[in-house]
Every structure is written in C-alpha cells, then in structure tokens.
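Working through the structure, step by step
Read off the chains here:
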Amino acid sequence: IKDQGREDQARRIWTGGIVGVNRADGVVTGCLNNAALVHRSNPRLQCFGGIVGNNLGTVTTCANAAALSMGTSGTGSYSARCPNFGGIIGENAKGAVVSDVHNTGDLLISRTENTTGTEVRFGGVIGTNYAAIDGGASKNITNSGQVYYNTNITNQAIKYSLGGIVGYSEASISGVANSGYVLFNWASDANIASLVHLGGVVGYMKGAAELELSGCDNIGGASNAGEVNLAVKGGKGGHTGNYAGGILGYGETAVAISN
C-alpha cells in the first residue's frame, strides 16, 4: 500500500465478509456474503469489502448481498482517513484476478476523517483497483446496490472517488455493468465540497499510459437505477473541482472510452 501511494500509518485494518487479506497465491471462489458488515473504528487506512478486504490473488464466482456501512453509530463518531470500500473488494492489487463477481447490497459511508491527506475511494464492486478488469462479453462483473456517501460534517478539500463498479482505478476496465444508484449527498449549507468524482461505472482513472474503458454499461431504470447524483447544497458556495459522468467521473490521464 505504501508503494502504491497511500499513507503508511500504524493504524490499518483489512476487513472482508469472507477474507480480510487474500495473498497472491490465494483463491477465493464460490462465496456468498449475506451478513451485514458494520465498520466502527478509527484506522488511518482501511480496506473494507463484502468478500475480501485486500486482494492480491484471485476472487471469482462470488457475490455480496448484504448491506455494508462505515461511519457513525448512535452517539459515537468513527471515521477513516483513507478508506478503500467496495461491495466485493476493498483494494485490488496489481496482478490480482477478478471474475464473475456481483454485488447487490447497499453501501453507505456516513463519515470520514477531516484532515490533510484524507482520500475516499468507494465502489459498488471495488474501492481501489490496480489490476486490469475484464468481465467479458457477458459482463459478469456487476453492481445493482446503492453506492451512497452521505455527510453533513465539515469536510473540505478532500478527494472523493465514487463509482458504480470501481471508485478509483489505475488500470483498464472492460465488460462490466452497473445499475446501482451512485449518490454523493453533501448535506451541509455552510461547508465547501471539492474534488468529488462520481461515475456510473468508474469515479476516477489515472494511468502511467493511456487506459481503456470499454464495453461498460450504466443501466437506468426504476428506483434511481443507474442514476449518478452529485447533490451539493449551495450555502456557502465556492464548490470546485467536482465532476460527474454516466460512465466516468474524471480521467486524470488519457482514457480511451469505447463501446
């Protein structure tokens, strides 16, 4: 994680509905998570997934059908500085393999730490991705759950990357389909929202060379299916650097989008 540019802090947590960390020679297959995951802790960095928290190996033929949430609980307030939060995988490492995975559970973040260096990566299937993803012609990587960031706390100049399939990716993605509602709700009248990137498929993409985003669907329908909603109140004003797209929210470097 340190080598891939995130903070190297002592307080780190890897949480999954099935496996916390899947090493490079590990295979997680044929697994279904139906149990809600409720994350209530204050690590600086966390990988949080419905199936696997941090994946360096193979995840295939797996599904999450449960609600996942992190943030507040009753009168207690808990937050992470750099959450990697996904319906199936929190963080997917370079060289990892993912196929035939499906999320139908709703995902919610209600609080993150408000400090320099905070960055949120939040996806219906994968929070942070460093490996090429290909769901094939059958589009066997899907999300239909809600991806919902909801806050009214004082967060300013913090980078948020939310996607129906992947929140943040440094690798190409193809053959995936989202029909989940992607919503960023900034409920405060007084505070500035900045650097928000929302995509029906991917929130944010960045690569050393041109990346590809091909054969990807964002499917609309009833109950806000496929909707990408950047809901920011006017209030104080000054909101800046916020982007939303039906497929891709923001490409920092060249992204070839096709089909």
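Reference entry: report on the structure contained in this document.

What counts, and where the lines are drawn
- Residues numbered from 1 in each chain as written.
- Predicted model: local features only at pLDDT ≥ 70, side-chain atom pairs only at ≥ 80, totals over all residues.
- Heavy atoms only, no water.
- Helix = DSSP H or I, 4+ residues; strand = E, 2+ residues; numbered from the N terminus.
- Buried < 20%, exposed > 50% of the residue type's maximum accessible area, 1.4 Å probe, protein only.
- Contact = heavy atoms within 4.5 Å.
- Areas by Shrake-Rupley, 256 points an atom, 1.4 Å probe, with all protein chains shown as cover.
- Pairing = 2+ DSSP bridges.
- Axes fitted to C-alpha atoms, helices over the stretch in contact; angles between N-to-C directions.
- Polar contact = N/O pair within 3.5 Å; in protein donor to acceptor, adjacent residues only side chain to side chain.
- Phe/Tyr/Trp six-rings, centres within 6.5 Å; stacked < 30°, edge-to-face > 60°.
- Lys NZ or Arg CZ within 6 Å of the ring centre and 35° of its normal.

To continue, consider the overall build of the protein chain. The secondary structure content of the protein chain amounts to zero helices and 33 strands. Every one of the 259 residues in the protein chain was classed for burial, and the buried ones make up 51%. Pairs at least 24 apart in sequence give 82% of the contacts found in the protein chain among residues at least 6 apart. Per element, the accessible surface of the protein chain, about 9800 Å² overall, is 47% carbon and sulfur.

Two strands in a sheet stick together by hydrogen bonds in their backbones, pointing the same way (parallel) or opposite ways (antiparallel). Taken together, six strands build an open sheet; the order of strands is E5-E9-E15-E20-E25-E30 and the sheet is parallel. Lying at the two open borders of the sheet, with one neighbouring strand each, are strand E5 (37–39) and strand E30 (228–232). Within this sheet the neighbouring strands show an average axis-to-axis angle of 5°, counted without direction. The sheet contact formed by strand E25 (residues 182–186) and E30 spans five bridges and is parallel. Each bridged residue has a counterpart across the sheet, and for Trp186 the counterpart in E30 is Val232.

Attention now goes to the side chain of Asn64. In this fold, Asn64 is placed in strand E8 (residues 58–64). Here Asn103 takes part through its side chain, which lies 2.8 Å from a polar atom of the side chain of Asn64. Setting aside its immediate chain neighbours within four residues, Asn64 contacts Asn33, Gly50, Ile51, Gly87, Ile88, His102, Asn103, Thr104 and Gly105.

To continue, consider the packing of aromatic side chains. Within this structure, the stated rule accounts for eight aromatic pairs. Judged by centre distance (4.8 Å) and plane angle (10°), the ring pair of Phe85 and Phe122 falls under stacked. Taken together, the residues span a long stretch of sequence, with Phe85 in strand E12 (residues 82–86) and Phe122 in strand E16 (residues 119–123) at a distance of 37 residues. Geometry around Tyr168 places Arg121 over its ring, the cationic atom sitting 3.5 Å from the centre.

All right, on to the sheet that holds strand E1 (residues 12–16) then. Reading across the sheet, the seven strands line up as E1-E6-E12-E16-E21-E26-E31 and stay open at both edges, with parallel pairing between neighbours. In the strand order of this sheet, the two ends are held by E1 and strand E31 (243–245), each with one partner. Each neighbouring strand pair of the sheet contributes to a mean axis angle of 5°, computed without reference to strand direction. Of the pairings in the sheet, the one linking strand E6 (residues 45–49) to E12 comprises five bridges and is parallel in character. Considered in E12, the bridge of Leu45 is made with Cys82.

Our next topic: the environment of Tyr181. Looking at where Tyr181 falls in the secondary structure, it is placed in the loop between strand E24 (176–178) and E25. A sequence separation of 46 residues divides Tyr181 from Glu227, and the C-alpha atoms of the two residues are 5.1 Å apart. There is a polar contact of 3.0 Å between the side chain of Tyr181 and the side chain of Asn229.

Moving on: the pairing of strand E28 (residues 211–214). When a strand is regular, its side chains alternate between the sheet's two faces. Strand direction decides the pairing type here: strand E23 (residues 173–174) and E28, joined by two bridges, are parallel. Counterpart to Ser174 in the pairing with E28 is Ser214. As paired elements, E28 and strand E33 (residues 255–258) share four bridges and run parallel to each other. When the sheet's bridge partners are listed, Leu213 is paired in E33 with Ile257.

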